[in-house]
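What the coordinates show
One-letter residues, chain by chain:
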Amino acid sequence: MVLAFVYFAAGSDQMVSGSGRPDWLTLSISTASTPDEMPPVWFAHDRHTDALTGQDCTTCHTKDEGRIRFAFKQAAGEDYHADMAEFHDNCIGCHAKTAMQGEPAGPRAGECRLCHTPNAPDRSAWTAMRFDHSLHARHETSPRIGPTAEADSANCSACHHRYNADTQTLYYEKGTEGACQYCHAPVAAATPDDPARAMRQAAHDGCVSCHLINQTQAAKEANAKFGPITCAGCHDQSMQAQIATVQPLPRFKRNQPDAVLLATRLTNQLAASPEDRAPVSAVAFNHKSHEANVESCRTCHHASLQKCSDCHTPDGSREGAFVGLGQAMHVADRDPSCIGCHQQAQTDAACAGCHSMTPAPDFAATGCQACHGVAADEQTVAVLTDPDARAAMAAAFVKRRGGGAPLPPETDIPEIVTIGTLSDAYEPVRLPHRKIVRALADRIAENTLAKTFHPTSETLCQGCHHNAAALPKPPACASCHGTMTATPSDGRPALLGAYHLQCITCHERMGIEKPAATACTECHPPRSSTASQN
Amino acid sequence: MGITRRRFLTWVGAAAGSQVVVAGRSQAAGNRQFPGFAESFGVLHDVTRCIGCRRCEAACQQVNGLPEPERPFDDLSLLQQQRRTDAGTYTVVNRFEAAQGPVFVKTQCNHCLEPACASACFVKAFQKVPSGAVSYNVDVCVGCRYCMIACPFNIPTYEYDNPFSPSVQKCTLCQPRIEKGLLPGCVLACPKEALTFGQRGQLLQTARNRIAQHPGRYVHHIYGEHEMGGTSWLYISAAPFREIGMREDLGTMAAGQLTAGPLGAVPIVVGLWPVLLTGIWAIGKRKDKIAAGERRQAVAEAEKNARQAAEAKLAGLREQLGKEKEIAVKLAVKNALEEAARAAQAEALPGNGEPESKEEK
Ligand code: SF4
Ligand code: SF4
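Bear in mind the structure is a predicted one, so any value in this text is a computation, not a measurement. (Residues numbered from 1 in each chain as written. Chains lettered and ligands numbered in written order. Predicted model: local features only at pLDDT ≥ 70, side-chain atom pairs only at ≥ 80, totals over all residues. Heavy atoms only, no water.)

Things to note about the overall build of chain A
When helices and strands are counted, chain A shows 22 helices and 11 strands. What you see for chain A is a C-alpha radius of gyration of 31 Å, clearly larger than the 24 Å of a compact globule of 534 residues, by over 25%. Across the 534 residues that make up chain A, the buried fraction comes to 30%. The long-range share in chain A, meaning contacts at least 24 apart out of those at least 6 apart in sequence, stands at 54%. About 32,100 Å² of surface is accessible on chain A, with carbon and sulfur atoms providing 56% of the total. Here chain A holds 44 positive side-chain charges and 57 negative ones, and the gap between their average locations is 5 Å. (Helix = DSSP H or I, 4+ residues; strand = E, 2+ residues; numbered from the N terminus. Rg over C-alpha atoms; globule rule 2.2 N^0.38 Å. Buried < 20%, exposed > 50% of the residue type's maximum accessible area, 1.4 Å probe, protein only. Contact = heavy atoms within 4.5 Å. Areas by Shrake-Rupley, 256 points an atom, 1.4 Å probe, with all protein chains shown as cover. Lys, Arg positive; Asp, Glu negative; His and termini not counted. Charge placed at Lys NZ, Arg CZ, Asp CG, Glu CD.)

Some points on the site of ligand 2
If you check the shell around ligand 2, you find B:Cys50, B:Ile51, B:Gly52, B:Cys53, B:Arg54, B:Arg55, B:Cys56, B:Val93, B:Cys190, B:Pro191 and B:Leu195 and nothing else. Taken together, the residues that form the shell around ligand 2 break down as 8 nonpolar, 1 polar and 2 charged. (Near = heavy atom within 4 Å. Nonpolar A, V, L, I, M, F, W, Y, C, P; charged D, E, K, R; others polar.)

Quick word on the interface of chain A and chain B
By a frequent convention, interface size equals the accessible area lost on bringing the separate parts together. Each side of the interface is counted separately: chain A has 24 residues, and chain B has 24 residues. Summed over the shared surface of chain A and chain B, the result is 0 salt bridges. One can count 4 residue pairs in polar contact (both at pLDDT 80 or more) joining chain A with chain B. Ranked by the residues each element gives to the side of chain A that touches chain B, the list is headed by helix 20 (residues 495-509) of chain A, at 8 residues. Across the side of chain A that touches chain B, the residue classes break down as 14 nonpolar, 7 polar and 3 charged. (Salt bridge = Lys/Arg side-chain N within 4 Å of Asp/Glu carboxyl O. Polar contact = N/O pair within 3.5 Å; in protein donor to acceptor, adjacent residues only side chain to side chain.)

Focus on the site of ligand 1
Near ligand 1 there are 13 residues, and of these B:Cys109, B:Asn110, B:Cys112, B:Cys117 and B:Cys151 occur at the shortest range. In terms of residue class, the shell around ligand 1 is made up of 10 nonpolar, 2 polar and 1 charged.

A closer look at the pairing of strand 2 (residues 92-98) of chain B
Residues and elements named next belong to chain B. With respect to burial, strand 2 is a largely interior element, 5 of its 7 residues being buried. One ladder, built from 7 bridges, connects strand 2 with strand 3 (residues 101-107); its direction is antiparallel. Looking at strand 3, one finds that Phe96 is bridged to Val103. If you look at the hairpin formed by strand 2 and strand 3, you'll find 2 residues sitting between the two strands. (Pairing = 2+ DSSP bridges.)

Thoughts on helix 16 (residues 387-400) of chain A
Given 3.6 residues per helical turn, the α-helix brings residues three or four places apart onto the same face. Residues and elements named next belong to chain A. Taking 1.5 Å per residue as the helical rise, helix 16 with its 14 residues ought to reach 20 Å, and the 20 Å between its terminal C-alpha atoms agrees with that figure. Residues Met393, Ala394 and Val398 constitute the buried set of helix 16. For helix 16, the buried positions fall inside an angular range of 135° around the axis, keeping them on one side. Opposite its buried face, helix 16 presents the exposed residues Asp388, Lys399 and Arg400, each directed more than 90 degrees away. You can read the cap of helix 16 off the contacts: a side-chain oxygen lies 3.1 Å from the backbone nitrogen of Asp388, and it is on Asp386. In the segment just after helix 16, Gly402 is the residue with positive phi, at about 80°. (Expected span 1.5 Å × (residues − 1). Arc of directions from axis to C-beta.)

Thoughts on the environment of A:Asp377
All names here are of chain A. Its location among the elements puts Asp377 in the loop between helix 14 (349-355) and helix 15 (378-383). Judged by relative accessible area, Asp377 falls into the partly exposed class, the value being 33%. Here the alpha-carbon distance between Asp377 and Val429, two residues 52 residues apart in the chain, equals 52 Å.

Observations regarding the side chain of B:Ser232
Within the fold, B:Ser232 resides in the loop between helix 7 (200-213) and strand 9 (233-236). Side chain to side chain, B:Ser232 and B:Lys128 meet in a polar contact 2.8 Å long.

Comments concerning the side chain of A:Asp152
Residues and elements named next belong to chain A. Inspection of the secondary structure assignment puts Asp152 in the loop between helix 4 (133-141) and helix 5 (156-159). Here Ala154 takes part through its backbone nitrogen, which lies 3.0 Å from a polar atom of the side chain of Asp152. Those residues in contact with Asp152, other than ones at most four positions away along the chain, are Pro147, Ser157, Tyr172 and Lys174.

Quick look at the sheet that holds strand 9 of chain B
Residue and element names in this part refer to chain B. Taken in spatial order, the 3 strands line up as 8-1-9 in an open sheet, and their pairing is mixed. A strand with exactly one partner marks an edge of an open sheet, and here the two such strands are strand 8 (195-199) and strand 9. Across this sheet, the average inter-strand angle for adjacent strands is 25°, counted without regard to direction. One ladder, built from 4 bridges, connects strand 1 (residues 41-46) with strand 9; its direction is parallel. Among the inter-strand pairings, Val43 is bridged to a residue of strand 9, identified as Trp233. (Axes fitted to C-alpha atoms, helices over the stretch in contact; angles between N-to-C directions.)

Spelled out as structure tokens, the structure:
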């Protein structure tokens, strides 16, 4: 069967907003048996809707139960040559008619290459639309949307649905809502095996149709709002930036827990040998705070809203692409893993000063204990089978966490530390030690994640006093960092390098521009004449 | 088409190289890869650490007794322009704008494991010595400057300003300091430890560790591990090397291997090598400038060095040459090269990289 379809110029990462059009589509009717004879047509959609002001979408699209179907209506998608003729007749026909009326019009017969060009005549500025937590909240509370199912008291059923394969109909089931992408794959078209439309098509059929209906409604009321209906409205970066964000974000209404006791391995282990409860401590996971700090559920629940361990079993399973539970949680260089995401958070300017220097993944400062804090003792084992008690236990642990580092008394923090290593050439450096400690403590206090992972003041000190035991008076830098020799060291910089690497790198990563890395005398005051005589 | 100058130079390199192998004294031009002297030293330049302070440049000037620069080393405005090494400057730091912001890269002789400069030098003024340095012997240098053309990194420079005893200039890896157990001047001066001195094998390990311990910080490549058959200076960087002025088109084959190819096609050149070399010498641009006395001195010095049999042979030839003979030699060289050109045209001639573009300038 020949399909007439419209697809978007994909590859959003190559596209730069502000320097092109966000509305380029390529039109192609090619199939495996009948490949296109000419390059696909680059079509600027918004330019056409602008030119056709006063006419509605049905000029080019069909309406189906009040909703627009976003394919070109004249091309039935059954015969290649018939579709080609329809496209040519309708496009060129309209251009010709417009030109006869003395209006500026698009290419006409004979100007084949003006439409059939291998590349867009202008740069594409298409930017993917991200339906984030805030946008979800706006839709959830919009009075204009309203539920479409009886079981629903909110707006959920307007978008969320399930599919009944027997009756081939969509229906709503409360409490089973999930992300669109769980069923709608990004670009693949519907097949008999997987009738879900591609995400691209589902989003336009769903979102844009609804916005259009609201537009009609809104036209009757003054100042009423409705969602974007042009390509640029969603896919232009500057337009996206204008979408108001909801603060504070409401929680998703899907009965998700506030805190979860993650104890899969412990449970499995006890099932195998009930007496063995030595090694694995459980994790009290703060679901609520994670929810507030990620873009959407999909950040962690990337394929479904099931429990992680349903697919990522301890030993790996086909459903979990053979990524075992341990890997799923700990692999440092993947986003959806706990460590990967926390590692990413450490690149924030507030954190990167200390953390860019520590090798990854860094468990040294906090140990496994920071997450795996629920010991596998009698009490824990007792609650494992009781969901309510489990949740209560997790909540209690979560509540105890995140107080942040209590700073030692002010007087125990040296105010100025004098470093005289280069005093043959300069006056000694006066390091404003207490000021630095305070600045770091302030940054930790602003961030829940940081507070959780810096439970003691030593974890703060270790940004500079790394590896040294947490002591009130840590050893001097020179105890470990000596002079540079030609014998390769264990990767430890010599003293000169250690100081400069620590100070300058930290300033760079934290975006502290002054003093500049090369402004030597701003830290090392020039040697005064009296000093040099001594 | 006749013989391009580049081809000519390639053969010159090949001819000189092959003879060196016969003499068994240089590591420059074998037909297999030279793994490097096991314990040789090198320097790892971690570009992510460099702040462009030019302390290394200042230290280099000081330890090598190089002339004071026109503008002082703390004048960082010089980083606005791209600079290269010159006769009074063995190392320069250049600034590049990469995606992650400004990046500073120090440039100097990379002390190749199998140096192109040595392959191109028919009097063997360059030698890879066991410490890791590629050393230069001014006493045998005839000033032909083929090394400058051969070096893929654009390093050796020439004292054009010195009319009496000009010589080729480049970083020495602070060979004299290394011998005394001291660190190279630049390494010692770098406040950020962006330069790490050590045995090349261990430096590779250090580089790998840094890349592994900081996922996402570095591109996964150690520049110099394999480039041009490997170099004693190694580099790691966050920005792709091509974006920070470093050639990524050099391949992994050493210069000696590149020039060994055409050699097979032109055996006659090998047979005629003393004649050929004399011919090169005769047509060298400096010929008119070299006074007879200087020539005799150079010859005398070469003869003194008993191990340098090849040079002695060459010098002897030079002395015997009368004017008529020289014309005859020129003719012989011309014929030999034309024949070689025809033979070599049939062969796919591996390029020697940079020289071609240089010539067109
Ligand atoms: S970088 Fe150039 S001058 Fe230095 S050893 Fe290599 S080829 Fe010779
Ligand atoms: S001394 Fe070190 S930091 Fe300064 S320019 Fe040289 S290599 Fe870079």
